[in-house]
Amino acid sequence: MGNSILDTKIEFLKGVGPQRGDTLKTELQIFTFKELVQFYPFRYVDKTKFHEIRDIKPDSHPVQLKGTLRRLESVGSGRKRRLVGRFRDNTGVVQLIWFKGVSFLEKKLVIGGTYIVYGKPTLFSGRLNMTHPEMEIATQANMEQSLSLEPVYHSTGKLEGRGLDSRGIMKLQKVLRNKLSTEQVPETLPDYFIKKFRFTDRRKALADIHFPANQNALTIASNRLKFEELFFLQLKMLSLKTRRKSVLRGHVFASVGQFFNTFFKDHLKFELTGAQKRVIKEIRQDIGRGTQMNRLLQGDVGSGKTIVGLMCMLIALDNGFQASLMAPTEILAQQHYTSIKEEVSGLGIQVGFLSGSIKGKKRKQLLELLKTGELHILIGTHALIEDWVEFKNLGLSIIDEQHRFGVAQRASLWKKGIGAPPHVLVMTATPIPRTLAMTLYGDLDVSVIDELPPGRKDVTTLHKTENGRLRVFGMMKEEIKKGRQIYVVYPLIEESESEQFAELKNLMEGFDAITREFPKPQYQISVVHGRMKASEKDFEMQRFVKGETQIMIATTVIEVGVNVPNATMMIIENTERFGLSQLHQLRGRVGRGGEQSYCILMSSFKLTKEGQKRIETMCRTNNGFEVAEVDMELRGPGNIQGTQQSGIVDLKIANLATDSRILQTAREVAMRVLEDDPELAKPHHARLRRYLESDKTYRTNWSRIS
Ligand code: ADP
Ligand code: MG
């Protein structure tokens, strides 16, 4: 952004210097004034008023008091020594206690002095109490200053070692604010935005975000900064998307032909849902246009994404192209292969399967057919994107359960097209909250299947502890008696050897208990866990799929995509060890047929608040999007699957879980700007263009495309 005061190196700020400067760089990536001013407080301490002692409630938020220190005595000795003070205002008394720095405080604090005290009130043996409160002698000056919202900053051990704890950082922020108050701080948003949304100007926003006079000033500042952050993110994404569409040619799938029509008329075993039809239409428009499709297809587990994918592949074939379908695990890929081959049988379509385990002559033959174009559809694992896999003319690539694939892998698909990159359809059952999808996949188009096939009954979800074990065995027996099958799932831990061992032990003990309760030959049981060879796993899995076993005991390898409609019960052990999205994914393995299904969440009796909330949510709703929203609330957007590597959600001030309204507005405004002025060439968009041109990720992404 040109050369502005904000580009000044951080060591030149008064109070920083070379040593602190280095620490700020390595610890917080603060190199210039700009990064410091954008190092926002993560919370504020409310010192906007003095509370009266008679009004304060124990275990409330920290409060600020003004009064007199009446008594101060050191109690106990040695390590148990503590300092106890008696503090009063006109309305009551609180006891103040210090366990640390006793000698120092004993000397420093003045009995009879008037103090401003700040701390968290608690109740201890019937008395109102504050442990380690902040104490400051009340003077005219600090009494006025104290009535404010005080910023609190994250710090690190190393920074603290240089005197830069939260308070130290606050001092630097103060110096910077005073400096900026006398300088030009360049505006980033067009004037017409500022007028229209009545935004405060950038300098004031940057000052107020650190030192707001009151809650209202804080809200005004943070709204503007949040908007700015989200707006530029959206502008960047959408601009990349528009430019990509205008530059990249895409294969034109102009017509729907024999394969699609015959399949639709004679092979489809059910009526498509409204949502499926709508999505197929969206995709058809996209691939008929002459630009390359990059589309994310979201749909809850069991919503019928596969058939949509298949029908799109048929359109590719109808237009003389090949298609591929890639799945994250061998089991899932195999399952797709088997079912798709069966579904298209009689249509004269050649379907192939490729994974790491297909080797030698078999592989060679397959690759040959692929190159000559005799093979129409290739289904497999990530082996599909290896360099040695050459298509004759790949027109459409489908990726199932995308979060297991990295961005780089997705990009390597593009190289497989001849003349133009293939259209890409990414299918995911990880219901990404809307706000996150808008940010993360802002450059993709999104289609949503928001309807389940008819006749599906919501899975009934119950929570049980060890006390309910016998009752759960009873329920399992009832289901088996009806001819149904059951999953029992244990958490999979990948961290350490010892934990893996504990996990295995867990599973084996569970296995023993279940075999005792469900003896052969009346009952047959499959077991699948991470320590087994792929072939053994497959064998056990197949026994269950074919209905030869009634119970499947497994670690979470069954998480993705497995389809056994006859399975109507899922028992999840150690539920507290699973994330919410993962629980929902698991639950999606049942409820796939028309029968009432059950998901039983086993947990220990004692749960953390978060654990409780996860279980509660699972019992309350079957809706994947609701689950995802709660998940994001609980864990923060940074932890949602697939977002960590992207770096996209590295937001400084906006919060995707709570700022969805601002995000929505930011996105709409960005769209309008680009519609009106795609190259940002108009004078009133000069600031926006300059911003994008100075953005590194924008430039690299763009060079990757062009
Ligand atoms: P997911 O979206 O989780 O990948 P699938 O594509 O595996 O879901 O579909 C789940 C099951 O629902 C499959 O057995 C599929 O044949 C069936 N199915 C898909 N669409 C419909 C529909 N419109 N009506 C009835 N059953 C359907
Ligand atoms: Mg699927």
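**Focus on the site of ligand 1**
So, step 1. Lining the immediate environment of ligand 1, one finds 16 residues, of which Gln276, Gly302, Lys305, Thr306 and Arg456 sit closest.
So, step 2. For ligand 1, an oxygen atom lies 2.7 Å from a polar atom in the side chain of Arg456.
So, step 3. In the complex, 81% of the free accessible area of ligand 1, which totals 570 Å², lies under the protein chains.
So, step 4. Among the residues forming the shell around ligand 1, the class breakdown is 4 nonpolar, 7 polar and 5 charged.

**Quick word on the nonpolar core**
So, step 1. Judged by nonpolar contacts, the single largest core of 63 residues is most densely connected at Val308, Met313, Leu314, Ile349, Leu378 and Leu396.
So, step 2. With 10 residues, helix 12 (residues 305–318) is the largest single contributor of residues to this core.
So, step 3. Ignoring any residue separated from it by four or fewer positions in sequence, one finds Met313 in contact with Ala323, Ser324, Leu325, Ile340, Ile377, Leu396 and Ile398.
So, step 4. Ranked by size, the runner-up nonpolar core spans 31 residues in total, among them Leu28, Phe33, Leu180 and Val185.

**Regarding the environment of Ile514**
So, step 1. Assignment of secondary structure puts Ile514 in helix 18 (residues 497–517).
So, step 2. Overall, the relative accessible area of 4% leaves Ile514 in the buried class.
So, step 3. It is 9.3 Å that separates the C-alpha atoms of Ile514 and Ile551, two residues lying 37 residues apart in sequence.
So, step 4. Setting aside anything within four residues of it in sequence, one finds Ile514 in contact with Phe473, Val488, Ile525, Ile551 and Ile553.

**Points about unusual backbone geometry**
So, step 1. The residue after Lys520, namely Pro521, is reached through a cis peptide bond having omega -5°.
So, step 2. With respect to the helices and strands, Pro521 occurs in the loop between helix 18 and strand 19 (525–528).
So, step 3. One non-glycine residue, Arg198, lies in the positive phi region at around 50°.
So, step 4. You can see Arg198 is positioned in the loop between helix 7 (191–197) and helix 8 (202–208).
So, step 5. Although it is not a glycine, Leu680 adopts a positive phi angle of roughly 50°.
So, step 6. Within the secondary structure, Leu680 sits in the loop between helix 23 (660–676) and helix 24 (686–693).

**Considerations on the packing of helix 11 (residues 274–287) against helix 12**
In a packed pair of helices, the relevant descriptors are the angle between the two axes and the axis-to-axis distance.
So, step 1. Where helix 11 contacts helix 12, the two axes come as close as 10 Å, and the packing angle between them is 35°. In this structure, helix 11 meets helix 12 at a crossing whose hand is right-handed. In this structure, helix 11 contributes Gln276, Val279, Ile280, Ile283, Arg284 and Ile287 to the contact, and helix 12 contributes Ile307, Val308, Met311, Cys312 and Ile315.
So, step 2. Grouping the constituent residues of the contact of helix 11 with helix 12 by class yields 9 nonpolar, 1 polar and 1 charged.

**So, the domain arrangement of the chain**
So, step 1. Taken domain by domain, the chain consists of domain 1 (1–48 + 147–186), domain 2 (49–146), domain 3 (188–455 + 663–706) and domain 4 (460–621).
So, step 2. Distance between the C-alpha centres of domain 1 and domain 4: 51 Å.

Cut-off values and rules
Think of each chain on its own: its residues are numbered from 1, step by step along the sequence as written. Here every chain gets a letter starting at A, and every ligand a number starting at 1, in the order they are written. Since the coordinates come from a predicted model, pLDDT governs what is reported: local features require at least 70, and pairs of side-chain atoms require 80 or more to be given and counted, while whole-chain, interface and lining totals use all residues. Neither water nor hydrogens contribute to the side-chain values; these are computed over all heavy atoms in the structure. Residue proximity to a molecule or strand is established when one non-hydrogen atom of the residue lies within 4 Å of it. Polar contact is defined as a pair of N or O atoms within 3.5 Å, subject to the rule that within protein one atom must be able to donate a hydrogen and the other to accept it, and that residues adjacent in sequence are counted only when both atoms are side-chain atoms. Using the Shrake-Rupley algorithm and a 1.4 Å probe, accessible areas are obtained, with residue cover drawn only from the displayed protein chains. In this classification, the charged set is Asp, Glu, Lys and Arg, the nonpolar set is Ala, Val, Leu, Ile, Met, Phe, Trp, Tyr, Cys and Pro, and all remaining amino acids, among them Gly, are polar. Only buried residues count toward a nonpolar core, which is a set of Ala, Val, Leu, Ile, Met, Phe, Trp, Tyr and Cys residues joined through side-chain atoms within 4.5 Å. The classification of residues rests on relative accessible area computed with a 1.4 Å probe and restricted to protein chains. Under 20% of the type maximum is buried, over 50% is exposed, and intermediate values are partly exposed. To qualify as a helix, a DSSP run of H or I must reach at least 4 residues; to qualify as a strand, a run of E must reach at least 2; elements of each kind are numbered from the N terminus. In what follows, residue pairs with any heavy atoms lying within 4.5 Å of each other are defined as contacts. Comment: axis = line fitted to C-alpha atoms, over the contacting stretch for helices; angle = value between 0 and 180 degrees taken between N-to-C directions. The sense of a crossing depends on the near helix, which, turned anticlockwise from the far helix by less than a right angle, makes the crossing left-handed and, turned clockwise, makes it right-handed. All domain edges in this entry derive from an automatic or database-based domain assignment.

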